[in-house]
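Residues per chain, in single letters:
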Amino acid sequence: MKSELNSKIWSNSARRDNGAITIGGCSVIELAEQFGTPAFIIDEADFKARAKQWKSGLDRYFATNAGTAYYAAKAFISRDVARWVAEAGLGLDVCTGGELAVAIAAEFPPQHIEMHGNNKSEREISEAIDYRVGVIVLDSLQEIDRVARIAHAKGVVQRVLIRLTTGVEAHTHESIKTAHEDVKFGFSMASGAAWDAVLSVSKHESLQLIGFHAHIGSQIFATDAFETSAERLISMVVKYKNEFGTEITDLNLGGGYGIAYTESDEPITPEFALERLSTVVNESCKKNGISSPKISFEPGRAIVGPSMTTIYEVGTTKEVRLEDGSTRWYISVDGGMSDNIRPGLYDAEYSITLANRVSSADLRRSRIVGKHCETGDIVIKDVQLPSDIVPGDLLAVPATGAYGRSMASNYNHMVRPPVISVLNKEARIMVRRETYADLLALEIDDD
Ligand code: LLP
């Protein structure tokens, strides 16, 4: 039955075993009994394998120019995940004080941390410098002065990158594109703001400019936009050399590599992307007479996305007659937009399957919805599922690792689901389910 679970969508160890899906050798039936639903199940070996794939791909294709593969913590982070990332030899991209706090709690090696953010607070900058993070990515002129001042006061020379907007239009959803012109991130190359940033950084002795950064968007399937963006970053290295007579040593090409959520998605492998990009970077540097800088990346989704699966329990089913006379089955699960906002926010599509058993019943047109008081609380808009699905059945949604738990909310005072790690038939709670007491604990009573 393995073939039913398309390996490009599911985590490596997902199988059908006696009707039920198992992940990491653990049956979803037992996982649901033991830990409740909804729950995120993270396939530990799968995560580690994907992380290593990025590290070894970078080392292999960029060789002496291999920089760091920074795992983008925003996709999903916990102390354990930070430790796995460190063990795999990756760096960590954090973009808030909260993400940095997890890194510090996990004792993540500071020199391999990169601090992002378009509006870092004084406190965040200060904490990052105190922890001696390897690099801070600068995003505005005010921030350049702010980081310089704080580093100076602490007697530190901080290594920095300047985030550039390379003007590349990536083919992805509007709100997850980041490097076209009309965005809040980075310094525009086209308008000259990028060079103003270089001049500004060069005035500060407490800042050491090591290079440039660009992130062009997320869930991108083709390499051409990354290649164009890399070439534009290299043009800045050339300009820098012409003006200052020295060479920039580092370029960070960001994250954004797409994964398969449905059968129709055809993601590129890290090897393919890295091989293409190393060729483009090396040729472009050669053509421009500069030495190749060290190249870093920031994959988030491509590492954790396929590693996690959400398990829901069906609560109700309802047949709804549509205006055209056809019918749709609404299947309500015990989570929804509070554990996966992506369908609502980006029209993101997912796959789903009956997880506790197999069924040979006829398929019927179904919509999987959550339990929130909101019409748009849809997990999967349109899917054919067996007509004998009943309350108590389990449904599994694969590839929910990236931006699922990390963008989860307490809307309708729902408690956020746990993250259960599975490996070699053993399951353990990595992040526990919230409780009503957790929610109530935030309120301060007057008396
Ligand atoms: N680096 C930077 C500077 C980023 O802003 C991001 C994502 C990444 C790396 C990682 O991108 P990834 O490899 O995971 O695509 N919440 C949205 C996506 C927004 C991502 C924001 N930045 C989603 O659910 O699709």
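You'll find the structure just up there.
Residues numbered from 1 in each chain as written. Predicted model: local features only at pLDDT ≥ 70, side-chain atom pairs only at ≥ 80, totals over all residues. Heavy atoms only, no water.

Caption draft 1: Fine view of the side chain of Asp-339. Secondary-structure assignment places Asp-339 in the loop between strand E15 (327-333) and helix H11 (342-346). No salt bridge is formed by the buried Asp-339, whose closest oppositely charged neighbour, Arg-433, lies at an N-O distance of 8.1 Å. A polar contact of 2.5 Å, which involves the side chain of Asp-339, links it to the side chain of Tyr-312. Here the side chain of Asp-339 touches Gly-336 through a polar contact of 2.8 Å, landing on its backbone nitrogen. Excluding its chain neighbours within four sequence positions, the residues that come into contact with Asp-339 are Pro-38, Phe-40, Thr-310, Tyr-312, Gly-404, Arg-405, Ala-408 and Pro-417. (Helix = DSSP H or I, 4+ residues; strand = E, 2+ residues; numbered from the N terminus. Buried < 20%, exposed > 50% of the residue type's maximum accessible area, 1.4 Å probe, protein only. Lys, Arg positive; Asp, Glu negative; His and termini not counted. Salt bridge = Lys/Arg side-chain N within 4 Å of Asp/Glu carboxyl O. Polar contact = N/O pair within 3.5 Å; in protein donor to acceptor, adjacent residues only side chain to side chain. Contact = heavy atoms within 4.5 Å.)

Caption draft 2: Spotlight on the packing of aromatic side chains. Evaluation of the coordinates by the stated rule reveals ten aromatic pairs. Their ring planes at 20° and their centres at 4.5 Å tell us that Tyr-240 and Phe-244 sit as a pair that is stacked. On the criterion of helical spacing, the pair formed by Tyr-240 and Phe-244 is a turn pair, its members being four residues apart in helix H8 (residues 224-244). Overall, Tyr-240 belongs to the buried group, its relative accessible area being 11%. Assessed through its relative accessible area of 33%, Phe-244 is described here as partly exposed. Taken together, the aromatic side chains of Trp-54, Phe-62, Phe-226, Tyr-257 and Phe-297 make up a single cluster linked through ring pairs. Positioned above the aromatic ring of Trp-329 is the side chain of Arg-364, whose terminal nitrogen or guanidinium carbon lies 3.4 Å from the ring centre. (Phe/Tyr/Trp six-rings, centres within 6.5 Å; stacked < 30°, edge-to-face > 60°. Lys NZ or Arg CZ within 6 Å of the ring centre and 35° of its normal.)

Caption draft 3: The pairing of strand E5 (residues 66-72), seen in detail. Burial runs high along E5: six of the seven residues are buried. The pairing of E5 with strand E13 (residues 294-297) spans two bridges and is parallel. Looking at E13, one finds that Ala-66 is bridged to Ile-295. The pairing of E5 with strand E6 (residues 91-94) spans three bridges and is classified as parallel. Looking at the pairing, Tyr-71 lines up with Leu-92 of E6. (Pairing = 2+ DSSP bridges.)

Caption draft 4: Representation of the environment of Glu-181. If you trace the backbone, Glu-181 turns up in the loop between strand E9 (158-165) and strand E10 (187-188). We classify Glu-181 as partly exposed; its relative accessible area is 41%. On a C-alpha basis, the gap between Glu-181 and Lys-318 in space is 46 Å, while along the polypeptide they are 137 residues apart. Every residue in contact with Glu-181, bar those within four places of it in the chain, is listed here: Thr-165, Gly-167, Ser-188 and Ala-190.

Caption draft 5: Focus on the site of the ligand. Neighbouring the ligand are 19 residues, the closest being Ser-218, Glu-298, Arg-301, Arg-342 and Tyr-403. The separation between an oxygen atom of the ligand and a polar main-chain atom of Gly-256 is 2.8 Å. Here an oxygen atom of the ligand sits 2.8 Å away from a polar atom, N or O, in the main chain of Arg-301. Contact with the protein chains removes 92% of the 590 Å² of surface that the ligand exposes when unbound. A per-class count over the shell around the ligand returns six nonpolar, seven polar and six charged. (Near = heavy atom within 4 Å. Areas by Shrake-Rupley, 256 points an atom, 1.4 Å probe, with all protein chains shown as cover. Nonpolar A, V, L, I, M, F, W, Y, C, P; charged D, E, K, R; others polar.)

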